[in-house]
Each structure stands twice: as structure tokens, then as C-alpha cells.
Amino acid sequence: MTNNVAERLLGYDDEVFGVEHYQSDVLPRWCSGCGDNAILTAIQRLCRDEKLLPEKTMFVSGIGCSSRLPHYMNAYGFHGIHGRSLPVAEGIKMARPDLNVFVTTGDGDCCSIGAGHWIHAIRYNIDMTVLMHDNGIYGLTKKQVSPTSPQGLKTNTTPRGSYLPPLNPLSTTLGVANVSFVAQAVDWIPETLYDIISAAFHHNGFSFVRILQRCPEFMPDMFDPWVQDPQQMLLLEHVNGLHLSPELGKVYTNQEAHDPADINRAREIASLTEIIPVGVLYRNEEIPRYDDIRRPRGVYTNEKIRAGIEEELDKYTI
Amino acid sequence: MLETAADSAEKKAPGKSAKPIVKLAEHIVEIVSDSGEGAQRCGQSFATIAARSGNGIWTVEIIPAEIQPPARSIEGTSGNRIRVSSNTVTNGGDEADLVIAFNEQVLLSRINANEIKPGCIILLEDKWATHPDANIAAVYTETRDRLLGDGYNILEIPMEVECLKHVPDAKRGKNMFVLGMLCSIYSLDLELGRQQVARIFAKKSDAIIKANQILLEAGHDWAAANLEIKYQIPAVKKSDPQIVVNGNTALSLGVLASGMQICAMYPITPATSASHYLSDVFNKVGGLVHQAEDEIAACAFAVGASYAGKCAVTITSGPGYSLKQEAIGLAVMGEIPMVVVNVQRGGPSTGQPTKVEQGDLLTACFGSHGDAPKVVMAAANIEDCFYSMITARQLAETFNMVVVVLTDANLATAQQPIPRPEFSEEWLAPPVDQSAVPKDAKPYDWDPKTGLAPRFVPGRPDGMHTLTGLAHDQNSKVIYDPEINEQAIEKRSLKLAALQKTLKPPPVFGGDQGDLLIIGWGSTKGAIEEAIERVRADGLKASSVHLQFLQPMASGLKEIMGRFDKVVIVENSWSDDLEHEIIDENNQRFSNLAWLIRGRYLVDADCWSEVKGRPSKPGAIERMIHDRLQ
């Protein structure tokens, strides 16, 4: 690969991008059968199809199984501290609007220790793609209850069953002012997983995708009723949302034509408990973006900066 | 229009020249009122006028923690102390020489706090004597008579009555009347007063400016006609341009000049005013202030921006600093340059939000779990607040380290004239490096001697790697290898030593050798050096050293200490008193810097510290030196 940036960009159109282009030399260390592998594959396919320059692509994560994902990408990665991936990603995007910013987080990282940041990140609506891997359990620390664990779940910290009904990440997200994109995907339908991540990537603003993800180690049966019975799934199809292939449509016949502009229906769909909806629940490209509003306009040459400093010093000069 | 007003004011001042003018070398003035009556603005304005006349000044804010504390209450006292001198002033001095009080309760609060010189002149609003509430009138009269009995020279002033001749509501504007009185008492040019009023209300209408100028003139004329006191503090105007700012404004100007363009913060006293100002003007240099949802987010945001190539600053105070610790550790581990400002206040916990303390030094040096080496420097005066931001950004980016800058509530609100900084291109940050990374280069290619490594900022072709808070090797790969882990810790530590090699030994104030050496840091510098000057004038052989860098510390301190019989560390953080019945050498706790100096140099350095929530007075340090050298 050439070291000359201009030459590199000139050759960009001719360059062939394969999935392997985005695979790092670190082999994924997730458990076999872990849903995170499907998410990783979908992301690598997306990078290939969008021909994203690895050096301009940024994966930010916190702590947890999901947050190992940046290590497996050939891109810039930031594997930070528990719960803080969103404010780190906000700082990156504000400093560098030229970067494609992805955040991979989990139900503990996002909905528990990082919940405060999550709420505010939705409201800031900074342009980034957030993938929340939701397996309903703390995996890396070995089976403790998470905010999205089903009520009654026996874990190492709730040996007689968890006490409270789970938090609903979709309803929560849809309840925050300035929300602009909410979708749900499942790891066991790779085609829609890819399509939804792709829609999220193309969204202008903060796109939040909750991905139901199986943890074979600690929650082996959690999603069995839905995996085994496609009728328990509700696929949201719309010209402005998810498109189902004819093959997939034959398997998942329980469908709804849902316009992602309809936030009221989106909230109803989000609150379904027995049925798992898959697709784009809400999308609004017109929502103001904090990064866009706050972005300094104009070119700040040293002369201009100096003039600004002198002007302020003048104010205090006696 | 202003000139006409000036002319008439001069004419209206009867008997002005008849009064004898007493020349003073310096005076300390306090103006105190209920919160919201404008004593702070009055004090700041008086200080600015004096500074513009060429006087040395230092101001100390007297500030309640609440926005609207009860009226006429001791805890609600708000105001300003202004030390005015013929010479440069570096601290708030000892007890006040003249007090202007808007009611007797706020006056009492200052007397109870031992801030007022016995027998000094007190100008007291007299409206309370005839207050419709008999209780208030009685309390006022009783207090006034008691203080007169104690020897205070109380002059009752009909401030309210006089103001009402010009405005319908005296609550807003009495402070300008008082400002006018002060201009007369201290023989300051009233035209400078008018200009100051115009500056204060620059964003308001002409009518408001005019109304306040009328009050200013009224106060001036009233004092000229009715007061016997008339002072002059001779001033020599400096030839080089000066600016008058408080520490937080100086800090903001420093950020503006430092090349940093992102400040992430969360509101907290007493740091916030720095961000207020920055929010207003940062866009002039392409910068932005992000008010995050909490302190942790503010720090994480700064970490993200810094990582992405724009070195950022996060500004906070004690509790916020505690909350940022984990994110600071992440920046240390990832070797991300970042500037963290801690405007210290009284602690622990919520402590004393508006009061000064220097209790965060050890937290700054050793905070965040594990071995988290970071640079810690402290501003000792207003000028330092400005330049420390520029230095901090440069050090952060040179060493890929977190640089913590400590200031405190004393510096935050203290005003002082300082030489106007002269712009240098070197202040500004270089553009974000987007060049391709050389083949086979490693993201943490630590230099074995200095620990330094180049940085792969996102966007640099072929530099792709994942930065991680986990232990990692030179390739930024997560490792569990004991040897590599230890080597990485060593490299991050070495950077402090590499920086230390560039530091000059601290200068000694006073004589190079002697009987007693004081070591200080931060905002106590002015008071310490004034005390040293005083005791040296008395013939004592005492000197002082003030540390700008607390971590790493410059070489040379050991040799300096060796030239003195005794070493006393002076600071505003807690130390146990050996006189206490259960304190002995096995359990005595030392003040912050004393721990550091004793630990590093194995010297039996003593400490003198106070945590009264107010700046240490030169007189108190002076007495301590006399005691120790007896």
C-alpha cells in the first residue's frame, strides 16, 4: 500500500475491497455460537460494500463482550472504559467530522452503567451508528443480571430469580426528545441484520440499533421460542425501511407495513412483549444534529486565531 | 456628553481641596452587602479603576454558596476585598483598613471572621436605624453601639436616602453610589469611574449607563461634601500594557491562546465561570465548549476529542475531579494527551464550594487506580493561570500525557493587573497529523530511554490499531504477558522522568541559605513571599521556594533544602497538630506537599497549614516564621 495520501485517494475508485480488508489480525475470541460473530460479519460486509477507508473508520466501544469488536476490525478502534463509549465517540466525532464513527456496546454497557450517556446521546443526535448488542446478561463478568434480563432469571447475583421486569431499550430510546433513528435486529436473521445496520449507517444522525444477540454460554435458550417459531417475529417492511427478500418473506410471514415516520406506531411496536419486532421502527432525517449545530464554521488560520485572541485581550487592557 | 458630566461633577464637589489628603502606601478595603446588592461588582470596579490609575491591586471575593441566601444574615455576606497599593500586590493581605457595609449583619460576619483591623473606619448604611420593623432597628442600634464601644470608627451613611434622590429603587444602584464614594475617598479620577460604569453596562441601554453614572457622581459628590477622610495611594502607571483579569478569566484566555479548540465541562463551583467566558468567545478561535451531561461524560468527551487529534481540556473542581478519575486513567493508559484543570475548593465531598483549599494535590498526583503517571502543575498567580494552559497543552502533546493544572477558589476570583501577553505562533497547536504511517511502524513504539512513542491519530493511513484501556503491547494488542505488562508500565512512567530532565531548579526567594526555608505551591505564593520580605526586613534569615511542577518535581530542591536549618511546608491542606493529645509521630498526618517532600527526600520537613476556607494571610505566615526561629 502506498504511503502517499493523494495517490491513495486517486486510486480509491479502482481499489478492490474485500471483507478480509476489514479483518484485523486478531481472531475473535467470542464463544463459539456467540451472536457477536454475526454482527461482526455484517459490519465487515457493510464496510466492504460502502468501500469505507479503514483509516477513516472508527469503532468505539466500552467494556463487555460486545466491546471487544473493535479489536477484530481493520480500522481505528477505541476500546475504552465501561459505559463511556458514547461520550468518547461524541468527542471523536466533534473533533473529526470526517470519520465514520461506529459504537458497539452492550446491554450492561449502554443500558446500565452508561444509561445516563445513552439518554443524552440520543438527544444530541450526533452522526454515528450505535449497535447495542443485547443478550440480556453480563457475559464477560460471568452471568450477572442485566437491566434487560427477563424477570425471574436466575443469575449469580439473583440466585432465586431476578426481581424486576426488564428495561425496554426501544421504548426508552423512542421516549427521548430529539430521537432520530431506532431499529431492532436479531443475530439469527443475517440478511435483515445487514440491511438494518446498513440503514443505520446511511441515516443522517444518531442511529440506534438494538440487536438481540444470543449468548450460548449463559443464556442458551433465551431466544429459542422466537428462533424456532418465525411466527413469533414481526417483520416491519416499508419502502422507507426494511425490504424483505421474497425468500425471507416466505419464512417470516408475520409482517407489518410500518412507516418509520410514524413515531406513535413505533412506540406501540416497541412495547410489544410476546412478539419480537425486526426492522426500522423510527427514522427522521430532519432532527437537528448537535455536531452540525456546534461545528465551527469557516477556516481558522493562525492570523484569524491571533485576531480573536488580541480582541479578547483588548477587552481587559487598562 | 461624558465630558460635560465630568465638568459639572468637578464643579459640584464643594470643599474638595480643603480636606487634607493623607498619602498611604496601601490600604485594604472591604465592601460587603447582602447577596444581590452588587457589592462584588462595586469592589471589582473599584479595583479596576485603581489598576487603571496605575495602582497595584489584588481582590478577594467574599461569596456565599447560595444564590439567594437570607437578607441581613451572616452566612449571606457577599462582597469583595480590594488591596490597593503603590506597588505590585500579590495577595489579599492582612486585616482590612476600611469597610463599607450595606447592613450591620454582613459587617458582623467580617468582624467575627477576624478580617477587620481593630478600630478601623466603617462606612455603614444607616437606614436600618429607622427601619419600620422595630426588631431590625433595635438589632442595628445595639450592634452599632457595641462596635463603637469596641473602638471601631463607624460613620453612618444615608446611602439609601441619597440614592433615592436619583433612582426609584436603591437596591439596584447603591453599589454605584458606593463606588463613587470610594473614588472620592481614594482621590481616584471620576472619569475613570464613568468609563468603568460604561464598560460594566456595555451590553445595556444608554439610559441604564447614564443612570448608573449619575449614582456614581452622586456618591462621589456626597463623600466629597460630607466625609472628612481623603486618601491618596500614589501610583506609577506601568509603561508596558497591562490587563486586569481574575484567575478564571486568565485561564479562559489561556485556553483561547493554547491552540486547544475543545473544552468539555459540567457546571461546578468555582470552576464554572471559566467556562462561561469561554462559551462566549471560544468561537473566535474555532473552539467550542461542550456542556456534557455529567463530569464523567465531560472527561470522556475530552478524551475522545484528544484521541482524535484535537487536544482538549476539561475544567472542573474537586467533586468533578473525583468523578473523572477513571477516564483520566484511560487517557494515561492510552497515552492520550489531555489537559485537566481542577479549580480546587474545600473538601472532601461537597465541602466548601466557594472557598479555597489546596487539598487535591495528592489526588492529582496519585488519583486513578493503578500506576497512572501524569503531569501535575500548579498556577501560583493570575499570570500563571494564563500561561499554564499553553504549557499544559504543549507538554500533553509532547509527552502524550495527561497534564493536570491545579488552581483554586482564591485564584479563580482574585483580580490582579498582569502584563498583557504578547502573542506567539508557538502557542498554537500544529494541524492534525494525517500523514501515512511508515511501514511496519508500531502504535506504541516506546523509546527505551524516554518511554516516548509516536501517535497514530485516526485518519493516518496504515496506522490502524485499536487503542485499549487493557494492558497492551507495542502493537496495541491486548496482552496477558507479565513481562510485557511490566515493560509498558515502565515506559509510561519513564515519560515523567524524561520531562523531569527538562525542568529547571526552582528559584529561591530571599537568600540562598539561612535558618528557615518555606516551600509552597499554588496560590499561597504571594502571601509567602510577602511574609519572607517582612521577616528578612526584621533581620531573619528565611527564604522560600515555590513549586510550579509538583509531578515531576524539578531537580535541585534537595540541595536548596540542605542549605537551610529548617524546612517548613506552607499550604492550605490539613495537617495534624503534634500538640494534640493523641497525635504523635506514629499517626501524624501531614499536609499534601509535606507528604510528597518527606517521601521523596527523606527530610524531616515540618508543615504549617490551615484550612479555614480563606487565603492564608502574610501576617500569619510572618508570625509562624518568627515562632519557628525563636
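Treat the numbers as computed from the prediction; the structure is a model and nothing was measured.

Enquirer: Provide a residue-level description of the interface of chain B and chain A, including the pertinent values.
Expert: The interface is formed by 71 residues belonging to chain B together with 58 residues belonging to chain A. Across the chain B to chain A interface the summed buried area is about 5400 Å²; carbon plus sulfur atoms make up 62%. If you look at where chain B meets chain A, you find five salt bridges. Across the salt bridge formed by Lys-284 of chain B and Glu-311 of chain A, the nearest N and O atoms sit 2.4 Å from each other. Our count for the contact surface shared by chain B and chain A stands at 28 residue pairs in polar contact (both at pLDDT 80 or more). Taken together, the elements giving at least two residues each to the side of chain B that touches chain A come down to α2 (39–52), β9 (242–246), α9 (247–257), α10 (272–281), β11 (288–291), α11 (295–307), α13 (325–334) and β17 (466–468) of chain B. A per-element tally of the side of chain B that touches chain A places α11 of chain B first, with eight residues. Here the residues of the side of chain B that touches chain A sort into 43 nonpolar, 15 polar and 13 charged. The pairing of strand β2 (residues 76–79) of chain A with β17 of chain B spans three bridges and is classified as parallel. Across the sheet, residue His-79 of chain A finds its bridge partner in β17 of chain B, namely Thr-468 of chain B.

Enquirer: Please set out the sheet that holds strand β10 (residues 262–265) of chain B residue by residue, giving values where relevant.
Expert: Residue and element names in this part refer to chain B. One open sheet accounts for seven strands, arranged β11-β10-β12-β13-β15-β14-β21; its pairing is mixed. Among the strands making up the open sheet, the edge pair consists of β11 and β21 (549–551). Strand-to-strand twist in this sheet, taken as the mean axis angle between neighbours without regard to direction, amounts to 25°. Where β10 meets β11, four bridges bridge the pair, whose relative direction is parallel. Within β11, the position partnered with Met-265 by the bridge is Gln-291.

Enquirer: Any chance you could break down the state of the cysteines for me, citing the residues and the numbers?
Expert: Scanning all chains against the criterion turns up zero disulfides over all chains. Just so you know, Cys-47 of chain A is unpaired, no disulfide at all, and the nearest cysteine sulfur is the one on Cys-34 of chain A, 19 Å from it. Looking at Cys-42 of chain B, it has no disulfide partner, and the nearest cysteine sulfur is the one in Cys-183 of chain B, 8.8 Å off.

What counts, and where the lines are drawn
- Residues numbered from 1 in each chain as written.
- Chains lettered and ligands numbered in written order.
- Predicted model: local features only at pLDDT ≥ 70, side-chain atom pairs only at ≥ 80, totals over all residues.
- Heavy atoms only, no water.
- Contact = heavy atoms within 4.5 Å.
- Buried area = accessible area lost by both parts, 1.4 Å probe.
- Salt bridge = Lys/Arg side-chain N within 4 Å of Asp/Glu carboxyl O.
- Polar contact = N/O pair within 3.5 Å; in protein donor to acceptor, adjacent residues only side chain to side chain.
- Helix = DSSP H or I, 4+ residues; strand = E, 2+ residues; numbered from the N terminus.
- Nonpolar A, V, L, I, M, F, W, Y, C, P; charged D, E, K, R; others polar.
- Pairing = 2+ DSSP bridges.
- Axes fitted to C-alpha atoms, helices over the stretch in contact; angles between N-to-C directions.
- Disulfide = S-S within 2.5 Å.

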